[in-house]
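Secondary and tertiary structure notes
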Amino acid sequence: MKIVLEHLTKRFPNRDKKKEDVVAVNDFSFEIPDGKLIGLLGPSGCGKSTTLNLICGLEKPSGGKIFFGEEDVTELAPEVRGVGMVFQNYALYPHLTVRQNIIFPLQNLKGDARLSREEMEAKAMEAAGLVQITELMDRRPGELSGGQQQRVAIARALVKMPGVLLLDEPLSNLDARLRLQTREEIRRIQTSTGITTIFVTHDQEEAMSISDSIVVMKDGVIQQIGKPQEVYDHPVNLFVAKFLGTPPINIFDGVVKDGHLRIGEEDVLDVKGIKDGEVIIGIRPEGFIPKENGRLTCTMSALEVMGRDNSIVSTHPLCQNPVIRSIVQADDVTGIRDGKVSFDLKPHKVFLFDKDSGEVLSFENGR
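Summarised in this report is the structure supplied together with it.

Within the largest apolar cluster, 34 residues are counted, with the highest numbers of intra-cluster contacts made by Ile102, Ile133 and Ile186. With six residues, helix α4 (residues 146-158) is the single largest residue contributor to this core. Beyond its immediate chain neighbours, meaning those up to four positions away, isoleucine 186 contacts Leu37, Ile154, Leu167, Pro170, Leu171, Phe199 and Ile210.

Turning our eyes to something else, we now look at the packing of aromatic side chains. Here the distance between the centres and the angle between the planes together describe a pair of aromatic rings. Tallied over the full model, the rule gives four aromatic pairs. For the ring pair phenylalanine 351 and phenylalanine 353, a centre distance of 6.4 Å and an interplane angle of 25° mean the geometry is stacked. The same class applies to phenylalanine 351 as to phenylalanine 353, namely buried. The ring of phenylalanine 12 carries the charged tip of lysine 10 above its face, separated from the ring centre by 5.1 Å.

A few words on the environment of leucine 303. Among the secondary structure elements, leucine 303 is positioned in strand β16 (residues 296-305). The exposure class assigned to leucine 303 is partly exposed, which follows from its relative accessible area of 37%. For the pair leucine 303 and serine 326, spaced 23 residues apart in sequence, the C-alpha to C-alpha distance is 9.7 Å. If we skip the residues at most four places from it in the chain, leucine 303 touches Asn310, Ser311, Ile312 and Val333.

A full pass over the atoms with the stated rule returns 15 salt bridges. Between arginine 99 and aspartate 138 there is a salt bridge whose closest N-O contact spans 2.5 Å. In this pair, arginine 99 is assigned in helix α2 (residues 98-107) and aspartate 138 in the loop between α3 (117-130) and α4, connecting sequence segments 39 residues apart. By relative accessible area, arginine 99 is classed as partly exposed at 22%.

This part covers the packing of α2 against α3. The contact between α2 and α3 brings their axes to 9 Å, and the two run at 125°. Classified by the angle their axes make, α2 and α3 are oblique. In this structure, α2 meets α3 at a crossing whose hand is right-handed. On α3, the residues that touch Arg99, Ile102, Ile103, Leu106 and Gln107 of α2 are Met120, Glu121, Lys123, Ala124, Met125, Ala127 and Ala128. Taken together, the residues of the contact of α2 with α3 sort by class into eight nonpolar, one polar and three charged.

For the largest pocket, the calculated volume is near 680 Å³. With three residues, strand β6 (residues 83-86) is the single largest residue contributor to the lining of the largest pocket. For the lining of the largest pocket, the class distribution of residues is 14 nonpolar, three polar and four charged.

Once that is clear, we can look at the pairing of strand β12 (residues 260-263). In summary, the side chains of a regular strand alternate between the two faces of the sheet. On β12, burial follows the alternation: Leu261 and Ile263 on one face are buried, whereas His260 and Arg262 on the facing-out side are not. Taken together, the three bridges between strand β11 (residues 250-257) and β12 define a ladder with antiparallel strand orientation. Among the inter-strand pairings, lysine 257 is bridged to a residue of β12, identified as histidine 260. In this antiparallel pair of consecutive strands, β11 and β12, the connection spans two residues, and aspartate 258 shows a positive phi of 55°. A loop of two residues connects β12 with strand β13 (residues 266-270), the two strands running antiparallel in sequence, and glycine 264 in this loop sits at a positive phi of about 65°.

Turning next to helix α1 (residues 48-56). Of all nine residues making up α1, eight are buried, and the element is well covered by its neighbours. Looking only at α1, the buried set comprises Lys48, Thr50, Thr51, Leu52, Asn53, Leu54, Ile55 and Cys56. Backbone geometry just downstream of α1 places glycine 57 in the positive-phi region, at approximately 100°.

With that settled, consider the sheet that holds strand β21 (residues 350-354). The strand order across the open sheet built from six strands is β13-β12-β11-β14-β21-β22, with neighbouring strands paired in antiparallel fashion. Looking at the sheet topology across the chains shown, the edges are occupied by β13 and β22 (360-361). Sheet analysis places β12 next to β13, joined by four bridges and oriented antiparallel. In the sheet register, histidine 260 faces β13, and the bridge partner there is aspartate 270.

Glancing now at the environment of glycine 35. Examined against the element boundaries, glycine 35 turns out to sit in the loop between β2 (22-32) and β3 (37-41). As for glycine 35 and phenylalanine 199, which are separated by 164 residues in sequence, their C-alpha atoms are 13 Å apart. With residues near it in sequence (within four places) discarded, glycine 35 still touches Met1, Gln190, Gly194, Ile195 and Thr196.

About the criteria used
Counting restarts for each chain, with residues numbered from 1 along the sequence as it is written. Per-residue local features are limited, in this predicted model, to residues with pLDDT of at least 70; the limit for side-chain atom pairs, both in listing and counting, is 80 or more; totals at the level of whole chains, interfaces and linings are taken over all residues. Think of the side-chain values as coming from all heavy atoms in the structure, minus any hydrogens and water. By nonpolar core is meant a set of buried Ala, Val, Leu, Ile, Met, Phe, Trp, Tyr and Cys residues that side-chain atoms within 4.5 Å join together. Throughout, exposure labels follow a simple rule: accessible area from a 1.4 Å probe, protein chains only, divided by the maximum for the residue type, with under 20% read as buried, over 50% as exposed, and the rest as partly exposed. For helices the rule is a DSSP run of H or I covering at least 4 residues; for strands it is a run of E covering at least 2, with both sets numbered from the N terminus onward. Note on contacts: a residue pair qualifies if any of its non-hydrogen atoms lie within 4.5 Å across the two residues. Stacked, tilted and edge-to-face are the three classes applied to pairs of Phe, Tyr and Trp rings, where Trp contributes its six-membered ring and a pair requires centres within 6.5 Å; stacked means planes under 30 degrees apart, edge-to-face means over 60, and tilted covers the rest. Working rule: Lys NZ or Arg CZ, within 6 Å of ring centre, within 35 degrees of ring normal, means a charge sits over the ring. Salt-bridge detection follows one rule: a side-chain nitrogen of Lys or Arg within 4 Å of a carboxyl oxygen of Asp or Glu. Every angle, taken between N-to-C directions, lies between 0 and 180 degrees, and every axis is a line fitted to C-alpha atoms, over only the stretch in contact when it is a helix. Roughly parallel covers angles under 35 degrees, roughly antiparallel covers those over 145, roughly perpendicular covers 65 to 115, and oblique covers all other angles. Whether a crossing is left-handed or right-handed is set by the direction in which the near helix is turned from the far one by less than a right angle, anticlockwise for left-handed and clockwise for right-handed. Polar here means any residue outside two lists: the nonpolar Ala, Val, Leu, Ile, Met, Phe, Trp, Tyr, Cys and Pro, and the charged Asp, Glu, Lys and Arg; Gly therefore counts as polar. Residues are called lining when one of their atoms sits within 4 Å of a cavity or pocket point, these points coming from a 1 Å grid over the protein atoms alone, where a cavity is a set in which a 1.4 Å probe fits but cannot get out and a pocket is an open set with protein on both sides within 12 Å along at least five of seven lines. Grid points are joined across faces, edges and corners, and a volume is the space filled by probe spheres set on the points. Between any two strands, pairing holds if DSSP finds at least two bridges.

In structure tokens form, the structure reads like this:
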């Protein structure tokens, strides 16, 4: 099912009545294609969970409209929107078995949608099969691991085969290995069912790994929309560049003069088309090429061996990061000498941002 959000806005009253309302979602417009998995991504407090609550009907918008397909659902109650919701804390009933938890949403169906006991049992087993928990149906939530509880919550959301599946930070309570496994399961389930899915997270790695497109938010405002790799490779501003990437992008203070990018006294890159002046420079960790007499010189701190790759850890007085992390191939550790390390830079991994607005600046030999 296609979802269309038109100028969606949500304001909450400020606790200090003398101050203006808090705008949690600000003029949010976006179309989510049918059958796609979309990641809503941003730091805590950016408005992503509020957006999800508006879509499912738990919150009423202060302005704007919500369409499911061609139907305006802005004023519809949550129970009639045909939405499945998975919460961060799973929200399972501890006194009910897995089977009873999954069946519970079906027991509230009325009229022509009402099901017999046999039909509810069949649908519950079908949903359990999707998330591979059929052998756990007679256990209670307290007898399950965190990953198993998460699967029960997803099965309960899927049992009515909703037109829309909403996932609010569904992996935050799992350990690293389970997060990896469960996000792969979410993608498998979404692909097999074809349900339009919105996945809310503050973890950019999660969003980028399973989403067809991501929406990066800050302070209730959309910063950028696109395929994960496109947003990573072409951030529109400094916020997006800093938010995406592990290790994070390395940020330097720099100056452009006569088409040359300078960090301190060093001319590190040719940047035609940029007017002279101070800029903020972002260099992805994979954008460094260790080289004898390279154009950028840093103070060597450590060499971290990570198997296939190495991480050269260094510092520079004009770098805003505590340390610079440069990801290079394991057999390429040239340029290290006398406590120093020198690099050339890959132009397509270097970003320039306006010092005041943070907007990206394009240069000819970059992107």
